[in-house]
Amino acid sequence: MLDDFLVRAVLAAVGAALAAAPLGVFVVWRRMAYFGDATSHAAILGVALALALSVPVFAGTLVVALLVAFGVARLTGRGYAADMVLGVAAHAALATGLVASSLLSGPRLNLEAYLFGDILAVSKMDLAVIWGGGAAVAALIGWRWQALLLSTLSPDLAAASGVKPERERVTLMLALALVVAVALKVVGALLIAALLIIPAAAARPLSRTPEGMLAGAASVGVIAALGGLWAAWSFDTPAGPSIVCVAAVTFGISALGGHLVGGRNG
Amino acid sequence: MSGLIEAQGLTLRHGTREVLRDVDFSIAPAEIVTVVGPNGSGKSTLLRALIGALKPSRGKVTRQPALRLGYVPQGLRLDGSMPMTVARFLNLPKRVSAADCSKVLDEAGAGDLADRQMSDLSGGQFQRVLLARALLNDPQILILDEPTTGLDQPGQASFYRQIEALRDRMGCAVLMVSHELHVVMSASDRVICLNGHVCCEGHPEVVAQAEEYRALFGTGTQGALALYRHEHTHRHDHAPGETCDAG
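Residues numbered from 1 in each chain as written. Chains lettered and ligands numbered in written order. Predicted model: local features only at pLDDT ≥ 70, side-chain atom pairs only at ≥ 80, totals over all residues. Heavy atoms only, no water.

*Asks:* Break down the pairing of strand β2 (residues 17-27) of chain B for me, citing the residues and quoting the values.
*Replies:* All names here are of chain B. Relative to β2, strand β1 (residues 5-14) is paired through seven bridges, and the arrangement is antiparallel. In the strand pairing of β2, Arg13 is matched with Glu18. Two successive antiparallel strands, β1 and β2, enclose a turn made up of two residues, where Gly15 displays a positive phi of approximately 65°. (Pairing = 2+ DSSP bridges. Helix = DSSP H or I, 4+ residues; strand = E, 2+ residues; numbered from the N terminus.)

Shown next, in the form of structure tokens:
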């Protein structure tokens, strides 16, 4: 069954969507959208470095994403405006990655595949990375779930309850780097942040609890993965962007529905 | 150690600015301490250092081992990006029974709010929910940072009445920061006047007469003082006896 490239593509897309959901809700709650962008753009640099050093691409992206995440967190912790640091990091990481990949000799790096994803070329090894990484993200966030929620609502309340907000922030950065490495093959560096944010945003108007929103985000993610692949197959469109488009449509419907029902965001 | 929480030589910087300098602090079981001071005098910083949310640049904070503390932060608002019912909020970070939930909500005067979304609450309801959460683990000390900010006058009065009633019943220590000097002073065993350092401290009446205090709060003190004196006598008549001698 896994020998069929389409089956592998479906499994990869669903796996990436499920891995993104538990982190995506926190990206929305903590307003980390731009942070996700900066970290995922750094993946291109990770790919270039991995190929230059002949180490697995997964390891390269994971390490570089981690470095960028912690670097940005450190700078903002020192009083630099977060918006500015992220603006610098997101674009610098992308540009550096593009330059580094152009310096690689030979035709080894298909840049487009890493910028926009290359889901139809997913190997069994990639599948193992996606589901293994996804399981690690779910385990990590599931383990810290309660403490993460409280630190997100109020770091001071967390501290008063014996939770260390800085440690929970590290948890999220680890998870983010994992998701970037996992989702790179599926939607590409430019659209990873979309896979994080849009399903969670679509789930918001329909949920009453954090757990409800997580379940909603996972469901929307899976719907987007399947619908996007179907669209890509039917209309011969690129798979990664198609997945994000379906997610965006779901968001539109949900926002409209939430508004009609009574708009909890008002 | 005798105090629930103690601080020695506590110094704290935000960037290059020294917010607190050489603050010594201690609060005994069942004692009620109020911290007053002008804006930017480090009141919230002191509280956040005492609960462990801020690391001191110098000096140290010691909390009694396994101290149960309830904290109501200043001006917390939730923006609604996270769906969160009141009942779910009370279950963070530890799960509690539904019975405990409704018990503390009742105690805080928020009994009918369990199913509401946190982001839909009014300022007063929100403060009551925060108070309910602070009461969850049967605290030995309640730490309240300007808990009535944003409430109207009747709301403030009823919130403080609630706190007094709770303290009388639970016998916990209370440490609060407040602007409503005349209100809280009447109910305090000890007042700490803070302005980066401890200007003066002691029994409310002593502090109110102190030159340092008058220098900080200027001419407006006269009116507040009169009101405070009135309320002090009033409260004194009903006081069941001193629970603690601030010395």
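*Asks:* Now, about the domain arrangement of chain B: what can you tell me, with residues and values included?
*Replies:* Residues and elements named next belong to chain B. Under the domain assignment used here, chain B contains domain 1 (1-68 + 144-239) and domain 2 (77-138). Taken together, the contacts link 11 residues of domain 1 with 11 residues of domain 2. Taking both sides of the interface into account, the surface hidden between domain 1 and domain 2 amounts to around 1,000 Å²; carbon and sulfur atoms contribute 57%. Of all residues in domain 1, Arg68, Phe159 and Gln162 bury the most surface against domain 2, accounting for 44% of the area lost on that side. (Domains from an automatic or database assignment. Contact = heavy atoms within 4.5 Å. Buried area = accessible area lost by both parts, 1.4 Å probe.)

*Asks:* Break down the interface of chain A and chain B for me, with residues and values.
*Replies:* Opposite the 25 residues of chain A that make contact, chain B presents 27 residues. The junction of chain A with chain B conceals about 2,300 Å² of combined surface from both sides, 58% of it contributed by carbon and sulfur atoms. Summed over the three residues of chain A that lose the most area to chain B, namely Gln146, Leu153 and Arg208 of chain A, the buried surface amounts to 28% of that side. Here chain A is connected to chain B by three salt bridges. Across the pair Arg88 of chain B and Glu211 of chain A runs a salt bridge, and its minimum N-O distance is 2.5 Å. On inspection of chain A and its partner chain B, the count reaches 12 residue pairs in polar contact (both at pLDDT 80 or more). Only α1 (5-29), α6 (124-153), α7 (155-160) and α10 (210-235) of chain A provide two or more residues apiece to the side of chain A that touches chain B. Here the side of chain A that touches chain B gets six residues from one element, more than from any other, and that element is α6 of chain A. Taken together, the residues that form the side of chain A that touches chain B break down as 12 nonpolar, seven polar and six charged. (Salt bridge = Lys/Arg side-chain N within 4 Å of Asp/Glu carboxyl O. Polar contact = N/O pair within 3.5 Å; in protein donor to acceptor, adjacent residues only side chain to side chain. Nonpolar A, V, L, I, M, F, W, Y, C, P; charged D, E, K, R; others polar.)

*Asks:* Give a description of the pattern of salt bridges that names residues and reports values.
*Replies:* Within the structure shown, the criterion is met by 13 salt bridges over all chains. The partner of Asp126 of chain A in a salt bridge is Lys185 of chain A, and the shortest N-O contact between them spans 3.5 Å. Residue Asp126 of chain A is located in helix α6, and its partner Lys185 of chain A is located in helix α8 (residues 165-187); the two are separated by 59 residues in the primary sequence. A salt bridge links Asp138 of chain B to Arg68 of chain B; the shortest N-O distance between them is 3.9 Å. Residue Asp138 of chain B is located in the loop between α4 (123-134) and β6 (141-145), and its partner Arg68 of chain B is located in the loop between β4 (58-63) and β5 (69-72); the two are separated by 70 residues in the primary sequence. Relative accessible area serves as the criterion here: at 34%, Arg68 of chain B is assigned to the partly exposed category. (Buried < 20%, exposed > 50% of the residue type's maximum accessible area, 1.4 Å probe, protein only.)

*Asks:* Before we move on, could you go through the state of the cysteines and cite the residues and values that matter?
*Replies:* In total, this model carries zero disulfides over all chains according to the counting rule given. Free cysteine Cys101 of chain B: the closest other cysteine sulfur is in Cys172 of chain B, separated by 19 Å. (Disulfide = S-S within 2.5 Å.)

*Asks:* Quick one: what's the story with the layout of surface pockets, residue by residue and with numbers?
*Replies:* For the largest pocket, the calculated volume is near 1,200 Å³. Residue lining of the largest pocket: 47 residues in total, with Pro155, Asp156, Leu157, Ala159 and Pro165 of chain A positioned closest to the centre. Contributing elements (two or more residues each) for the lining of the largest pocket: α6, α7 and α8 of chain A together with α1 (43-51), β5 and α4 of chain B. Counting only domains with at least three residues in the lining of the largest pocket, you end up with domain 1 (1-68 + 144-239) and domain 2 (77-138) of chain B. (1 Å grid on protein atoms, 1.4 Å probe; cavity = no way out; pocket = protein on both sides within 12 Å on 5 of 7 lines; lining within 4 Å. Points joined across faces, edges and corners; volume = space filled by probe spheres on them.)

*Asks:* Explain the sheet that holds β1 of chain B to me, using residue names and the numbers behind them.
*Replies:* Residues and elements named next belong to chain B. Ordered in space as β2-β1-β4, the three strands form an open sheet in which the pairing is antiparallel. Strands with a single pairing partner mark the edges of an open sheet, and in this sheet they are β2 and β4. In this sheet, neighbouring strand axes are inclined to one another by 25° on average, regardless of whether the strands run parallel or antiparallel. Lying on the sheet, α1 is in contact with β1, β2 and β4; it crosses β1 at an angle near 120°. (Axes fitted to C-alpha atoms, helices over the stretch in contact; angles between N-to-C directions.)

*Asks:* How would you sum up the side chain of Ser41 of chain B? Please name residues and give values.
*Replies:* One can find Ser41 of chain B in the loop between β3 (32-36) and α1. In this structure Ser41 of chain B touches Val19, Leu20, Leu194, Asn195 and Gly196 of chain B, once residues within four positions along its chain are discounted.

*Asks:* I'd like a description of the packing of helix α9 (residues 192-203) of chain A against α10 of chain A, backed by residues and values.
*Replies:* Residues and elements named next belong to chain A. Following both chains from N to C, one finds α9 and α10 inclined at 125°, their axes separated by 7 Å at the closest point. Taken as axis vectors, α9 and α10 run oblique relative to one another. By crossing handedness, the relation of α9 to α10 is classed as right-handed. Mapping the contact onto sequence places Pro199, Ala200, Ala202 and Ala203 in α9 and Met213, Gly216, Ala217, Val220 and Gly221 in α10. Here the contact of α9 with α10 is built from residues that sort into seven nonpolar, two polar and no charged. (Parallel < 35°, antiparallel > 145°, perpendicular 65-115°, else oblique. Left-handed = near helix turned anticlockwise from the far one by under 90°.)

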